[in-house]
Amino acid sequence: MIRAAKFIGGFAVAATLALTALSSGAMADDKDVIDYREHIMKTLDEQTAAIGQIVSGAIPDAQIVAHVEAIALAAKQAQKSFEAKVVGGEAKPEVWSNAADFNAKMTDFVVRTEKLAKDAKTGGATVVMEEMVDALTCKGCHDVYRNKK
Ligand code: HEC
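Heads up: these notes are all about the structure in this document. (Residues numbered from 1 in each chain as written. Predicted model: local features only at pLDDT ≥ 70, side-chain atom pairs only at ≥ 80, totals over all residues. Heavy atoms only, no water.)

Looking at the coordination of the iron atom of the ligand
Piece 1. Every protein donor of the iron atom of the ligand is accounted for by M41 (SD) and H142 (NE2), and the metal-donor separations fall at 2.1 to 2.3 Å.
Piece 2. Here the iron atom of the ligand binds 6 donor atoms, and the angle range of 86 to 179° at the metal identifies the geometry as octahedral. Taken together, the positions of M41 in helix α2 (residues 30-55) and H142 in helix α6 (residues 138-145) put the pair 101 residues apart, joining distant regions of the chain.
Piece 3. Here H142 falls in the partly exposed class, since its relative accessible area comes to 27%. (Donors = N, O, S within 2.8 Å, 3.2 Å for Na, K, Ca; no water. Tetrahedral: all angles 85-135°; square planar, octahedral: opposite > 155°, others 65-115°. Helix = DSSP H or I, 4+ residues; strand = E, 2+ residues; numbered from the N terminus. Buried < 20%, exposed > 50% of the residue type's maximum accessible area, 1.4 Å probe, protein only.)

What follows is the structure, encoded as C-alpha cells:
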C-alpha cells in the first residue's frame, strides 16, 4: 500500500508537470529535440546489442520476437524524431538538406524492421540471424548522415 501510494503520488507529480508543459505548449528547445532523437537512437543500440547476445548464443532466445518488435517500433519513433529541423548533435545538416533521401532511408529501415519482426514470429532467432544484416541498415545511414563523435 505504501509503495502504491508513493507510486501514485509520484505519478500525480509527473502528471502535473506534464499538464503544465502541455498547457504551456510544450515548446521543446533545440537541446530537447536533439536529446529526444538521441534517446531513441540509444534504444535502437541497446535492443540491437540484446539481439546480438541472443544470436551469439549467450542468452536464450525466449524474448527474440519482443526485441525485434522493439526495434521496429523505435524505427518508427526515430523517423518522426527527425521531422523537427534542428541541426546539431551528431546529425549532419544533410539530414534536412537531403530530406527526401534521408526520409527514404528511414522508411526503408521501418519497412525492413517490420518485416524482420513479422518473420521472427515464425522463424525465431534463426531467421533473425539470417535477416538482421539486411534489416538493420544503421551503418548505411550513419555513414552518410551521422558525424560520429
Ligand atoms: C536513416 C538513418 C538512420 C538509421 C537507419 C539509424 N540511425 Fe542511428 N543515427 C542517425 C543520425 C542522423 C544520428 C545523429 C542524431 C543526433 O545526434 O542528433 C544517429 C545517432 C545514433 C546514435 C548516437 C546517439 C547519441 O547518443 O548520440 C546511436 C547509438 C545510433 N544512432 C544507433 C543506431 C542503430 C543501432 C541503428 C540501427 C538498428 C540506427 N542508429 C539506425 C541516423 C540513423
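And the narrative resumes.
Brief notes about the packing of aromatic side chains
Piece 1. A full pass over the atoms with the stated rule returns 3 aromatic pairs.
Piece 2. With a centroid separation of 5.1 Å and 65° between ring planes, the pair formed by F82 and F102 is classed as edge-to-face. Linking F82 in the loop between α3 (64-81) and α4 (94-97) with F102 in helix α5 (residues 99-135), this pair joins segments that are 20 residues apart in sequence.
Piece 3. F82 gets classed as buried once you look at its relative accessible area, which sits at 12%.
Piece 4. Ring geometry for F102 versus Y145: centroids 5.1 Å apart, planes at 80°, classification edge-to-face. Pair noted here: F102 is in helix α5 and Y145 is in helix α6, with a separation of 43 residues, a long-range link. (Phe/Tyr/Trp six-rings, centres within 6.5 Å; stacked < 30°, edge-to-face > 60°.)

Topic: the site of the ligand
Piece 1. The local shell around the ligand holds 23 residues, among which E38, M41, C138, C141 and H142 are the closest.
Piece 2. With respect to the ligand, the side chain of E38 contributes an N or O atom lying 2.5 Å from an oxygen atom.
Piece 3. E90 has a polar backbone atom sitting 2.6 Å from an oxygen atom of the ligand.
Piece 4. Elements with a contribution of two residues or more to the shell around the ligand: α2, α5 and α6.
Piece 5. At 8 residues, α2 tops the list of elements feeding residues into the shell around the ligand.
Piece 6. Grouping the amino acids of the shell around the ligand by side-chain chemistry returns 11 nonpolar, 5 polar and 7 charged. (Near = heavy atom within 4 Å. Polar contact = N/O pair within 3.5 Å; in protein donor to acceptor, adjacent residues only side chain to side chain. Nonpolar A, V, L, I, M, F, W, Y, C, P; charged D, E, K, R; others polar.)

Some words on the packing of α2 against α3
Piece 1. Running from N to C, α2 and α3 point in directions that differ by 160°, and their axes come no closer than 9 Å. Considering their axes alone, α2 and α3 lie roughly antiparallel with respect to each other. Judged by the sense of rotation from one axis to the other, the crossing of α2 with α3 is left-handed. On α3, the residues touching Y36, R37, I40, M41, T43, L44, Q47, T48, A50, I51 and I54 of α2 are I64, H67, V68, A70, I71, A74, A75, Q77, A78 and S81.
Piece 2. Considered class by class, the residues forming the contact of α2 with α3 number 14 nonpolar, 6 polar and 1 charged. (Axes fitted to C-alpha atoms, helices over the stretch in contact; angles between N-to-C directions. Parallel < 35°, antiparallel > 145°, perpendicular 65-115°, else oblique. Left-handed = near helix turned anticlockwise from the far one by under 90°. Contact = heavy atoms within 4.5 Å.)

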